[in-house]
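In case you want the letters, here they are:
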Amino acid sequence: MPVEEFVAGWISGALGLVLGHPFDTVKLLGFFKGMSFPIASIAVVNSVLFGVYSNTLLVLTATSHQERRAQPPSYTHIFLAGCTGGFLQAYCLAPFDLIKVRLQNQTEPMAQPGSPPPHYRGPVHCAASIFREEGYRGLFRGAWALMLRDTPTMGIYFITYEGLCRQYTPEGQNPSSATVLVAGGFAGIASWVAATPLDVIKSRMQMDGLRRRVYQGVLDCMVSSVRQEGLGVFFRGVTINSARAFPVNAVTFLSYEYLLRWWG
Ligand SMILES: CN(C)C(=N)NCCC[C@H](N)C(=O)O
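Residues numbered from 1 in each chain as written. Predicted model: local features only at pLDDT ≥ 70, side-chain atom pairs only at ≥ 80, totals over all residues. Heavy atoms only, no water.

Novice: Run through the environment of Gly86, naming residues and quoting values.
Specialist: Among the secondary structure elements, Gly86 is positioned in helix H3 (residues 75-104). Here Gly86 falls in the buried class, since its relative accessible area comes to 0%. Separated by 93 residues in the primary sequence, Gly86 and Thr179 have C-alpha atoms spaced 24 Å apart. Not counting the four nearest positions on each side in its chain, Gly86 is found in contact with Leu49, Asp150, Thr151 and Met154. (Helix = DSSP H or I, 4+ residues; strand = E, 2+ residues; numbered from the N terminus. Buried < 20%, exposed > 50% of the residue type's maximum accessible area, 1.4 Å probe, protein only. Contact = heavy atoms within 4.5 Å.)

The following block contains the structure:
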């Protein structure tokens, strides 16, 4: 199994998240400060996404990354490989994403004299507390919603990227840097617009259980959210998600493509 794609996915994910970090911190006015936890988690998850995507295409089309410009895979194969990558990345992402959402939504100020201590003191304390208070399964709270969010939207992500690259690149050639940046940016926006409804539900499921259980499952969470807040609830955060998605994914795809070309 070729591993370059996993390594390139790790490095490009890390570079993308450096750009996305200010958006992540602003998004929920949270306490998710510092870079070590996101680098250790999101970059690993990106490595799973790109590695599984490329290796699934290898299985489906018998072409390596280097051969794919000359023999482009069909959009059906790209979609299936993207969905496979999305499904597996969601499984790896679930505990990390839960910790991120719990820390971001924590409202107690961090260690101010005289104020009550925050429920979670940091990522490791958060993971240990969830494990202690909610059990091993608690670490995977919201994982179903995450899988439903990421499986189809990663198909959309790679189809948008490939479609735009093919549109603006002469046959058989590698796309230019400008094309990769624009195609990567729009792939990020398309996938996040499609993912936002389930992203909202996923975050609510992940916060559920902190004080008491409110939702019976993903469907119950959807129905009660729409009943209480209307259909607009599914588009909460879509603007900031898209604003963040363009630079993050432009840089992710540019670094991924160039790393594989250098090694290739
Ligand atoms: C949930 N969705 C839509 C995605 N994860 N889309 C792919 C973008 C991945 C990138 N690391 C990012 O955070 O934007």
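Picking up where we left off.
Novice: Could you give an account of the side chain of Ser129, naming the residues involved and the relevant values?
Specialist: Looking at the secondary structure, you find Ser129 in helix H4 (residues 123-138). Looking at Ser129, the relative accessible area reads 1%, which means it is buried. Within the structure, the side chain of Ser129 is placed 2.6 Å from the backbone oxygen of His125, a separation counted as a polar contact. Beyond its immediate sequence surroundings of up to four residues, Ser129 is in contact with Tyr120 and Glu134. (Polar contact = N/O pair within 3.5 Å; in protein donor to acceptor, adjacent residues only side chain to side chain.)

Novice: Break down unusual backbone geometry for me, citing the residues and quoting the values.
Specialist: A positive phi angle, near 55 degrees, is found at Ala62, a position not held by glycine. Note that Ala62 resides in the loop between helix H2 (36-61) and H3. The exposed category is assigned to Ala62, whose relative accessible area is 61%.

Novice: Tell me what's going on with the packing of helix H6 (residues 177-207) against helix H8 (residues 238-263), and back it up with residues and numbers.
Specialist: At a closest axis distance of 6 Å, the pairing of H6 and H8 adopts a crossing angle of 135 degrees. The orientation of H6 relative to H8 falls into the category oblique. Where H6 crosses over H8, the two elements pack in a sense that is right-handed. Classifying every residue of the contact of H6 with H8 by side-chain character gives 16 nonpolar, eight polar and four charged. (Axes fitted to C-alpha atoms, helices over the stretch in contact; angles between N-to-C directions. Parallel < 35°, antiparallel > 145°, perpendicular 65-115°, else oblique. Left-handed = near helix turned anticlockwise from the far one by under 90°. Nonpolar A, V, L, I, M, F, W, Y, C, P; charged D, E, K, R; others polar.)

Novice: Tell me what's going on with the packing of H6 against helix H7 (residues 218-229), and back it up with residues and numbers.
Specialist: Orientation of H6 relative to H7, taken along the N-to-C sense of each, is 105 degrees, at an axis distance of 10 Å. One finds that H6 runs roughly perpendicular with respect to H7. Contact residues: H6 offers Leu198, Ile201, Arg204 and Met205, while H7 offers Val218, Cys221, Met222, Ser225 and Glu229. Among the residues forming the contact of H6 with H7, the class breakdown is six nonpolar, one polar and two charged.

Novice: Lay out the site of the ligand with the relevant residues and their values.
Specialist: Within the structure, the ligand sits among Asn46, Arg149, Asp150, Thr153, Met154, Tyr157, Ser191, Trp192, Ala195, Arg244 and Asn249. Here the ligand, which alone exposes 380 Å², has 92% of that area covered by the protein. Within the residue set of the shell around the ligand, elements represented by two or more residues are helix H5 (143-167), H6 and H8. With five residues, H5 is the largest single contributor of residues to the shell around the ligand. (Near = heavy atom within 4 Å. Areas by Shrake-Rupley, 256 points an atom, 1.4 Å probe, with all protein chains shown as cover.)

Novice: Give a description of the domain arrangement of the chain that names residues and reports values.
Specialist: The extent of an interface is frequently quoted as the accessible surface area lost upon association of the parts. The domains assigned to the chain are domain 1 (33-107 + 116-138) and domain 2 (141-263). Between the C-alpha centres of domain 1 and domain 2 the distance comes to 12 Å. Across the boundary between the two partners, domain 1 contributes 31 residues, which contact 33 residues of domain 2. Counting the surface lost from both domain 1 and domain 2, the interface buries some 2,900 Å², and carbon and sulfur atoms represent 65% of this. The largest share of the area that domain 1 buries against domain 2 comes from Phe50, Arg69 and Tyr75, three residues that together contribute 26% of it. Across the domain 1-domain 2 interface, the total number found is four salt bridges. With a shortest N-O distance of 3.0 Å, Glu134 and Arg141 are connected by a salt bridge. Where domain 1 packs against domain 2, one counts nine residue pairs in polar contact (both at pLDDT 80 or more). Going through the elements one at a time, H2, H3 and H4 are the ones with two or more residues in the side of domain 1 that touches domain 2. By residue number, the principal contributor to the side of domain 1 that touches domain 2 is H3, which donates 16 residues. Class assignment of the residues belonging to the side of domain 1 that touches domain 2 gives a composition of 17 nonpolar, nine polar and five charged. (Domains from an automatic or database assignment. Buried area = accessible area lost by both parts, 1.4 Å probe. Salt bridge = Lys/Arg side-chain N within 4 Å of Asp/Glu carboxyl O.)

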